[in-house]
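Summary of structural features
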Amino acid sequence: MPNLSKVTCIEDLRVVAQCRVPRMFYDYADSGSYTEGTYRSNTADFQGIKLRQRVAVNMEGRSTRTTMIGQDVAMPVAIAPTGLTGMQHADGEILGARAAKAFGIPFTLSTMSICSIEDVAQHAGPGFWFQLYVMRDRDFIERLIDRAKAAGCSALQLTLDLQILGQRHKDIKNGLSSPPKPTLTNLINLATKPHWCLGMLGTKRRSFGNIVGHAKGVGDLSSLSSWTAEQFDPQLNWGDVEWIKKRWGGKLILKGIMDAEDARLAANSGADALIVSNHGGRQLDGAPSAIAALPAIAEAVGKDIEVWMDGGIRSGQDVLKARALGARGTLIGRSFLYGLGAYGEAGVIRALEIIQKELDITMAFCGHTDIDTVDRGILLPGTYPIA
């Protein structure tokens, strides 16, 4: 295991990941749609929120432990579902699940993962969640839900904001496809990533493990591209949410809520939690940042449903600010992927350590020793978004 003691922030991990991960896969993770304005706002809007420093407060006995949908977590953070994680690092989803288990936080597996549900289940802890995209092939969706049940997933995370795909210019320029296009530029770039190449040569997991061999007519990567292009369902509606909730029968989380009206519909659906999320700025460019949308949504639903947020979190301070503005929990995507791409499982653990330590120390400087007592009183008035 590398000595990562000098890695002090998520940005350190990002820089290493950019060097070690092939460009097409790094750019896939670290990009937004169109102008990438919303993608940038997700991180930038956290910076304008200022904290109130308190002094002469007993800082002993601090705890970042809390719950998310009734599950004990080491801090109010879960790993978000990210597609193609196994292309940031060989067996990436397995490594991420192992790191989350060791740290005591949930791990969410994407429908578009490289490692299959069954593979990851062998390494995941009790907080193993599965993220579902709704496809036109409802028979495939039913079987996917059943596989998640059989694998012991304790919650289903339904993504609502990918009925159609936002255009990501970098993916087009890089020729990202299934299978990837072997252009001269891509081959030259791969030649500069020996560590990544050796890892991929050492694993059998190089396709979409939840889809290839499971979806009708998808036997290999060559048939996957046309299938996915046709399968995302633009007709997804709240009736489908009700159907999925009944079929699943367990804890349900709705991801992609950015409007108070949709938040009230999510609460009325009977789901257990909603995630304020703009898909990391990868869908509707020009939408507000997730942290800017959070207060109005939290106020709209009150205690009718747990409110979480996802998008732009790069530090423990960001987690604390989200908690202060009404998010019971948060999810990290890119912060996790940077660690994974940089150093594999050890990098993910280091990313989690960085976030937790900064959360713990900042909470203390703001006069609190228990994460469950944090509210917007820790924020400087006039610097944060309001409902």
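In this report, we go over the structure that sits alongside the text. Since we're looking at a predicted model, the values are computed, not measured.

Time to look at the layout of surface pockets. Approximately 440 Å³ is the volume found for the second largest pocket. Counting residues per element, the ones that place at least two in the lining of the second largest pocket are α11 (238-248) and β7 (251-257). For the lining of the second largest pocket, a count of residues per class yields 11 nonpolar, six polar and three charged.

Judged by how many residues are buried, strand β9 (residues 306-310) sits mostly within the fold: four of five residues are covered. Direction of pairing for strand β8 (residues 273-276) relative to β9: parallel, over a ladder of four bridges. From the neighbouring strand, Leu 274 faces β9, where its bridge partner is Val 307. Once you follow β8 into helix α13 (residues 290-301) and on to β9, the crossover reads as right-handed. In the sheet, β9 pairs with strand β10 (residues 329-332) via three bridges, with the strands oriented parallel. Across the sheet, Asp 310 pairs through a bridge with Leu 331, a residue of β10. Once you follow β9 into helix α14 (residues 316-324) and on to β10, the crossover reads as right-handed.

Once that is clear, we can look at the packing of helix α4 (residues 92-103) against helix α15 (residues 334-365). Between α4 and α15, whose axes approach to 10 Å, the crossing angle comes to 20°. What the angle tells us is that α4 and α15 run roughly parallel. Along this stretch, α4 crosses α15, giving a crossing that reads as right-handed. Residues Gly 92, Leu 95, Gly 96, Arg 98, Ala 99 and Phe 103 of α4 form the contact with α15, whose own contacting residues are Phe 336, Leu 340, Gly 344, Glu 345, Val 348, Ile 349, Leu 352, Glu 353 and Gln 356. In terms of residue class, the contact of α4 with α15 is built from eight nonpolar, four polar and three charged.

Applying the stated criterion across every chain yields a total of five aromatic pairs. Measuring from ring centre to ring centre gives 5.3 Å for Phe 140 and Trp 227, while their planes differ by 85°; the resulting arrangement is edge-to-face. Taken together, the positions of Phe 140 in helix α6 (residues 138-150) and Trp 227 in helix α10 (residues 221-231) put the pair 87 residues apart, joining distant regions of the chain. Judged by relative accessible area, which is 1%, Phe 140 ranks as buried.

With that settled, consider the nonpolar core. The nonpolar side chains of a soluble globular protein tend to be buried, and buried together. Ranked by size, the top nonpolar core spans 112 residues in total, and within it Leu 274 and Met 309 carry the most contacts. The biggest single contributor to this core is α15, with 13 residues. Of all hydrophobic cores here, the second largest spans 12 residues; its members include Ile 69, Ala 78, Ile 253 and Ile 275.

When we look at burial in α11, the residues that qualify are Asp 240, Val 241, Ile 244 and Trp 248. One side of α11 carries all its buried residues, which in axial view fall inside an arc of 105°. Buried residues along α11 sit against β5 (128-132), α6, β6 (155-159) and β7. For α11, the capping residue at the N-terminal end is Asn 237, with a side-chain oxygen 2.7 Å from the backbone nitrogen of Gly 239. Count one or two residues on from α11 and you reach Gly 249, which has phi positive near 80°.

Another aspect to go through is empty space enclosed by the protein. The full count for this structure, using the stated rule, is one cavity of 30 Å³ or more. For the largest cavity, the calculated volume is near 40 Å³. A class-by-class count of the residues in the lining of the largest cavity yields five nonpolar, two polar and one charged.

For the rest of this paragraph, the subject is the pairing of β10. Judged by which residues are buried, β10 turns out to be covered on both faces: Gly 329 and Leu 331 on one side and Thr 330 and Ile 332 on the other are all buried. Note that strand β3 (residues 77-79) and β10 share three bridges and pair parallel. Bridge pairing links Val 77 to Thr 330 in β10.

Before going further, it helps to spend a moment on the pattern of salt bridges. What the rule picks out here adds up to 17 salt bridges. Linking Arg 147 and Glu 118 is a salt bridge whose minimum nitrogen-to-oxygen distance equals 2.9 Å. Taken together, the residues span a long stretch of sequence, with Arg 147 in helix α6 and Glu 118 in helix α5 (residues 117-121) at a distance of 29 residues. For Arg 147, a relative accessible area of 12% puts it in the buried group. In this structure, Lys 246 engages Glu 242 in a salt bridge whose closest nitrogen and oxygen atoms are separated by 3.5 Å. One end of the pair is Lys 246 and the other is Glu 242, both in helix α11 and four residues apart, which spans about a single turn.

Conventions and cut-offs
- Residues numbered from 1 in each chain as written.
- Predicted model: local features only at pLDDT ≥ 70, side-chain atom pairs only at ≥ 80, totals over all residues.
- Heavy atoms only, no water.
- 1 Å grid on protein atoms, 1.4 Å probe; cavity = no way out; pocket = protein on both sides within 12 Å on 5 of 7 lines; lining within 4 Å.
- Points joined across faces, edges and corners; volume = space filled by probe spheres on them.
- Helix = DSSP H or I, 4+ residues; strand = E, 2+ residues; numbered from the N terminus.
- Nonpolar A, V, L, I, M, F, W, Y, C, P; charged D, E, K, R; others polar.
- Buried < 20%, exposed > 50% of the residue type's maximum accessible area, 1.4 Å probe, protein only.
- Pairing = 2+ DSSP bridges.
- Right-handed = clockwise from strand over helix to strand, strands pointing away.
- Axes fitted to C-alpha atoms, helices over the stretch in contact; angles between N-to-C directions.
- Parallel < 35°, antiparallel > 145°, perpendicular 65-115°, else oblique.
- Left-handed = near helix turned anticlockwise from the far one by under 90°.
- Contact = heavy atoms within 4.5 Å.
- Phe/Tyr/Trp six-rings, centres within 6.5 Å; stacked < 30°, edge-to-face > 60°.
- Core = buried A, V, L, I, M, F, W, Y, C linked by side-chain atoms within 4.5 Å.
- Arc of directions from axis to C-beta.
- Polar contact = N/O pair within 3.5 Å; in protein donor to acceptor, adjacent residues only side chain to side chain.
- Salt bridge = Lys/Arg side-chain N within 4 Å of Asp/Glu carboxyl O.

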